[in-house]
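Understanding the architecture of this molecule
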Amino acid sequence: MPIWLQAGLWGWLAGFALLIGAAIGYFFKVPSRLIAAIMAFGSGVLISALSFELMDEAYKQGGFNATALGFVVGAGIYTVANWLLAKYGAKHRKRSGDQQAKEAQSTTESNGGAAIAVGALLDGIPESIVIGLSMLGGSKVSLVAVAAIFLSNIPEGMSSAAGMKKAGRSKLYIFGIWGGIMLISGIAAISGYSVFNAFSVEVIAATTAIAAGAILAMIADTMIPEAFETAHDWTGLITVLGFLTAFMLTKLGG
């Protein structure tokens, strides 16, 4: 099987977790505290993966300058894009409560559906590109990165789908969004491998760092706040346990 197709399959697998989470959040009444706990655990897993997989690999390939520049640029791009989307109703896209704009509210808020979809793409594309980048040079996929993305996507799908349902959005709309994002996740993973296959190691390192910066900014802006909103005092401990789990997987895999 060609490597680009393998990258796509791994991307689709990670994206499929969004559909799993959305189905759980839509069809079952999952306690908010449980969603928050899973969100905190997923945050810790992602932080560990981007620290010991993405940033470490970027530094080894491109050195400090390319890695640092890419990391800050990635965080900056995500932050600006997230700020713009928040103005159009996507601020609470990961929230499972009543924070998401109702379908029938004002003009600005009624655009929230499209903003939520774009926001979900903004969250997911950097993660998927990382999967493709990890396979450059004929390398095997980073299973730790795939596991981290998969685990973090489940609570994202759960939380967002539950919030969308409370906001009055249709089943077709909710699963259409997550199904579409799953498909795009695979395409993004293919792009991460195919587009950057011919680039220098410095460019690849900077791109990896850009994705890492965007992921960390996403965790700080959306995942941790959702977790803390409900889990409160337990958020830190659960996040640490997620970090430790991914750290152990990294060392066992190495």
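The model shown is predicted, which means the values in this text are computed figures rather than measured ones. (Residues numbered from 1 in each chain as written. Predicted model: local features only at pLDDT ≥ 70, side-chain atom pairs only at ≥ 80, totals over all residues. Heavy atoms only, no water.)

Here's the deal with the packing of aromatic side chains
The tally for this structure, following the rule as stated, stands at six aromatic pairs. With a centroid separation of 5.0 Å and 75 degrees between ring planes, the pair formed by Tyr 26 and Phe 27 is classed as edge-to-face. Given a relative accessible area of 14%, Tyr 26 falls into the buried group. Aromatic rings pair up to connect Tyr 26, Phe 27 and Phe 175 into one cluster. (Phe/Tyr/Trp six-rings, centres within 6.5 Å; stacked < 30°, edge-to-face > 60°. Buried < 20%, exposed > 50% of the residue type's maximum accessible area, 1.4 Å probe, protein only.)

A closer look at the confidence of the model for the protein chain
Averaged over every residue, the pLDDT of the protein chain is 82; residues scoring 70 or more account for 85%. Within the protein chain, no element has a lower average pLDDT than helix α3 (residues 107–110), which sits at 39, and none a higher one than helix α1 (residues 3–27), at 91. This stretch, residues 101–112, has a pLDDT under 50; its non-local contacts, to residues over four places away or in other chains, come to 17 contacts. (pLDDT = per-residue confidence, 0-100. Helix = DSSP H or I, 4+ residues; strand = E, 2+ residues; numbered from the N terminus. Contact = heavy atoms within 4.5 Å.)

Things to note about the environment of Gly 63
Assignment of secondary structure puts Gly 63 in helix α2 (residues 32–90). Spatially, the C-alpha atoms of Gly 63 and Val 201 are 9.7 Å apart, while their sequence positions differ by 138 residues.

Observations regarding the UniProt feature "transmembrane region" (unreviewed entry) in the protein chain
What UniProt calls "transmembrane region" (unreviewed entry) maps, in this numbering, to residues 7–28, 34–52, 64–85, 129–151, 172–193, 199–219 and 231–249. For residues 7–28, the helix share is 95%, the strand share is 0%, and the end-to-end C-alpha distance is 32 Å. Taken as a whole, residues 34–52 contains 100% helix and 0% strand, while its terminal C-alpha atoms sit 27 Å from one another. (UniProt positions renumbered as here; feature names shortened; annotations may be inferred.)

Brief notes about the environment of Val 201
The residue Val 201 is located in helix α7 (residues 201–231) in this model. Once the C-alpha coordinates of Val 201 and Gln 61 are considered, the two residues, 140 residues apart in sequence, prove to be 5.8 Å apart. Contact partners of Val 201, with chain neighbours within four places excluded, come to Gln 61 and Gly 62.

Regarding helix α5 (residues 143–166)
Along its 24 residues, α5 runs 35 Å from first to last C-alpha, staying within 8% of the 34 Å computed at 1.5 Å per residue. Most of α5 is tucked away, with 18 of its 24 residues classed as buried. In the stretch just after α5, Gly 168 is the one whose phi turns positive, near 90 degrees. (Expected span 1.5 Å × (residues − 1).)

Looking at the packing of α1 against α5
At their nearest, the axes of α1 and α5 sit 6 Å apart, and the two run at 30 degrees to each other. Regarding the angle of α1 to α5, the classification is roughly parallel. As for the relative orientation of α1 and α5, their crossing is right-handed in sense. Where α1 approaches α5, its residues Trp 10, Leu 13, Ala 14, Gly 15, Ala 17, Leu 18, Ile 20, Gly 21, Ala 22, Ile 24, Gly 25 and Tyr 26 are matched on the opposing element by Leu 143, Val 146, Ile 149, Phe 150, Asn 153, Ile 154, Glu 156, Gly 157, Met 158, Ala 161, Ala 162 and Lys 165. Looking at side-chain class alone, the contact of α1 with α5 contains 17 nonpolar, five polar and two charged residues. (Axes fitted to C-alpha atoms, helices over the stretch in contact; angles between N-to-C directions. Parallel < 35°, antiparallel > 145°, perpendicular 65-115°, else oblique. Left-handed = near helix turned anticlockwise from the far one by under 90°. Nonpolar A, V, L, I, M, F, W, Y, C, P; charged D, E, K, R; others polar.)

Here's the deal with the pattern of salt bridges
Going through the model one piece at a time under the given rule, you end up with one salt bridge. For Asp 56, the salt bridge goes to Lys 60, with nearest N and O atoms at 3.3 Å. With Asp 56 and Lys 60 both in helix α2, this residue pair falls four residues apart, about one helical turn. The partly exposed category is assigned to Asp 56, whose relative accessible area is 33%. (Salt bridge = Lys/Arg side-chain N within 4 Å of Asp/Glu carboxyl O.)

A closer look at the packing of α1 against helix α6 (residues 171–194)
At a minimum axis separation of 7 Å, α1 and α6 run at an interaxial angle of 160 degrees. The pairing of α1 with α6 is recorded here as roughly antiparallel in orientation. Seen from above, α1 lies across α6 with right-handed handedness. By residue class, the composition of the contact of α1 with α6 is 21 nonpolar, seven polar and one charged.

Some remarks on the nonpolar core
Formed by 43 residues in total, the largest nonpolar core has its most connected members in Leu 46, Ile 131 and Ile 215. Residue assignment for this core shows that the elements contributing at least two residues are α1, α2, α4 (112–133), α5, α6, α7 and α8 (235–253). If we skip the residues at most four places from it in the chain, Ile 215 touches Leu 46, Leu 50, Leu 54, Pro 126, Glu 127 and Val 130. Counting ten residues, the second-largest nonpolar core is a separate cluster that includes Ala 22, Met 164, Ile 174 and Phe 175. (Core = buried A, V, L, I, M, F, W, Y, C linked by side-chain atoms within 4.5 Å.)

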